[in-house]
Amino acid sequence: NFRLAPNFDAQAQSALLHPNPKLEQCLANSAAKGLPPISVLPMSGQHLSILAQLMGVKSVLEIGTLGGYSSICFAEAGAKVTSIEIDPKHRDTALENVSGLDVEILLGSALEVLPKLAEEGRQFDMVFIDADFEDQWEHFDWAVKLTRLGGCIFLDDVIPSMIKNGQEEGGETIITQIGRDERVQATLMPTVACHSMIPNPVFTGFILAVVKSH
Ligand code: SAM
């Protein structure tokens with residue numbers, strides 16, 4: 001039973017985020033091309049950037065490119081980004097938006113591309129999972145194999161799928177699945193999301209996991 005200060009998100013955003021032409025151009029071009037406005041929120045993008053800088057991340061694997069907003073956040077934080085996108089229109093728009101940055105975009109379904117990256121022996125400092133809810137567990141499982149020991153996995157938007165799966169499948173959720181996984185140490189960070197597409201703030205959250213073994 002608590003109340004959020006009115007416009008707390010807008011206040012924080014205007015205080016803490018500084019103009020970034022590349023990100024602004026990304027949002028404008030993505031909107032002009034008709035992409036859905038579902039990139040990470042600017043404050044979350046800044047959070048990803050800070051996390052990458054704190055870890056000294058040099059390589060990021062991203063599942064779900066959309067128009068490349070989060071890719072730009074990682075690339076500007078100093079990482080080489082490999083991003084997977086299933087939709088050719090999203091991939092093409094992202095390629096325009098990330099021009100000049102160290103970002104490669106692999107077109108295809110993540111569950112087809114991820115095994116190929118594993119076969120090639122690729123390893124990443126960090127994996128950011130931000131694609132469809134249905135495959136979150138499979139994406140996480142591949143992410144563990146593709147993250148170097150001591151690297152981290154950031155799984156976005158877990159609470160909506162927890163609620164949905166918990167209701168439909170008798171309590172089994174992405175959290176319980178990750179909790180049984182002895183290869184990782186993981187935490188759940190609940191967050192409040194404020195978005196122009198939704199009238200009221202909603203609870204969501206992310207899983208942050210460190211990979212201890214393969
Ligand atoms: N990370 C992006 C950002 O912050 O700008 C937002 C990603 S958006 C929430 C999800 C994207 O994942 C969409 O572009 C969608 O087409 C893509 N996607 C959904 N399912 C996928 C799958 N199975 N494999 C690869 N990409 C997928």
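To be clear, the structure that these remarks concern was listed above.
Engineer: Any chance you could explain the nonpolar core here in plain terms?
Structural biologist: The nonpolar side chains of a soluble globular protein tend to be buried with one another. One finds Val-60, Phe-74, Met-126, Val-127, Ile-129, Ile-153 and Phe-154 to be the most contacted residues of the largest nonpolar core, which totals 47 residues. Beyond its immediate stretch of four places on either side in the chain, Ile-153 contacts Val-127, Ile-129, Phe-140, Ala-143, Val-144, Thr-147, Ala-209 and Val-211.

Engineer: Sorry if this is basic, but what is going on with the pairing of strand β1 (residues 59-63) here?
Structural biologist: Sheet faces and side chains relate simply in a regular strand, where the side chains alternate between the two faces. Among the five residues of β1, four are classified as buried, and the element is accordingly described as predominantly covered. Where β1 meets strand β2 (residues 80-85), five bridges bridge the pair, whose relative direction is parallel. In the sheet register, Leu-61 faces β2, and the bridge partner there is Thr-82. Pairing of β1 with strand β4 (residues 124-129), which is carried by four bridges, proceeds in the parallel orientation. Note that in β4 the partner of Ile-63 across the bridge is Ile-129.

Engineer: Help me understand helix α3 (residues 42-55) in this model?
Structural biologist: The end-to-end C-alpha distance of α3, which contains 14 residues, comes to 20 Å, matching closely the 20 Å that a straight helix rising 1.5 Å per residue would cover. Restricting attention to buried positions, one finds in α3 the residues Ser-44, Gly-45, Leu-48, Ser-49 and Ala-52. Taken end-on, α3 shows its buried residues confined to a sector of 145 degrees, consistent with a single buried face. The exposed residues of α3 that point more than 90 degrees off its buried face are Ile-50 and Leu-54. Where α3 terminates, the next one or two residues include Gly-56, which has phi positive at roughly 65 degrees.

Engineer: Quick question: what am I supposed to make of the packing of α3 against helix α4 (residues 69-76) here?
Structural biologist: Between two packed helices, what matters for the description is the angle formed by their axes and the separation of those axes. The interhelical angle for the contact between α3 and α4, taken along N-to-C directions, is 30 degrees, at an axis separation of 8 Å. Viewed along their axes, α3 and α4 adopt a mutual orientation that is roughly parallel. Of the two elements, α3 crosses α4, and the hand of that crossing is right-handed. Counted together, Gly-45, Leu-48, Ser-49 and Ala-52 of α3 and Tyr-69, Ser-70, Cys-73, Phe-74 and Glu-76 of α4 form the full contact between these two elements.

Engineer: Quick question: what am I supposed to make of the pairing of β2 here?
Structural biologist: Burial of β2 is extensive: five of the six residues sit out of reach of the surface. Between β1 and its parallel partner β2, the chain crosses via α4, and the hand of that crossover is right-handed. The pairing of β2 with strand β3 (residues 103-107) spans five bridges and is parallel. If you follow Ser-83 over to β3, its bridge partner there is Ile-105.

Conventions used here
Residues numbered from 1 in each chain as written. Predicted model: local features only at pLDDT ≥ 70, side-chain atom pairs only at ≥ 80, totals over all residues. Core = buried A, V, L, I, M, F, W, Y, C linked by C-beta atoms within 7 Å. Buried ≥ 20, exposed ≤ 12 C-beta atoms within 10 Å, placed from the backbone. Contact = placed C-beta atoms within 7 Å. Helix = DSSP H or I, 4+ residues; strand = E, 2+ residues; numbered from the N terminus. Pairing = 2+ DSSP bridges. Expected span 1.5 Å × (residues − 1). Arc of directions from axis to C-beta. Axes fitted to C-alpha atoms, helices over the stretch in contact; angles between N-to-C directions. Parallel < 35°, antiparallel > 145°, perpendicular 65-115°, else oblique. Left-handed = near helix turned anticlockwise from the far one by under 90°. Right-handed = clockwise from strand over helix to strand, strands pointing away.

Distances and angles like these do not, on their own, reveal function.
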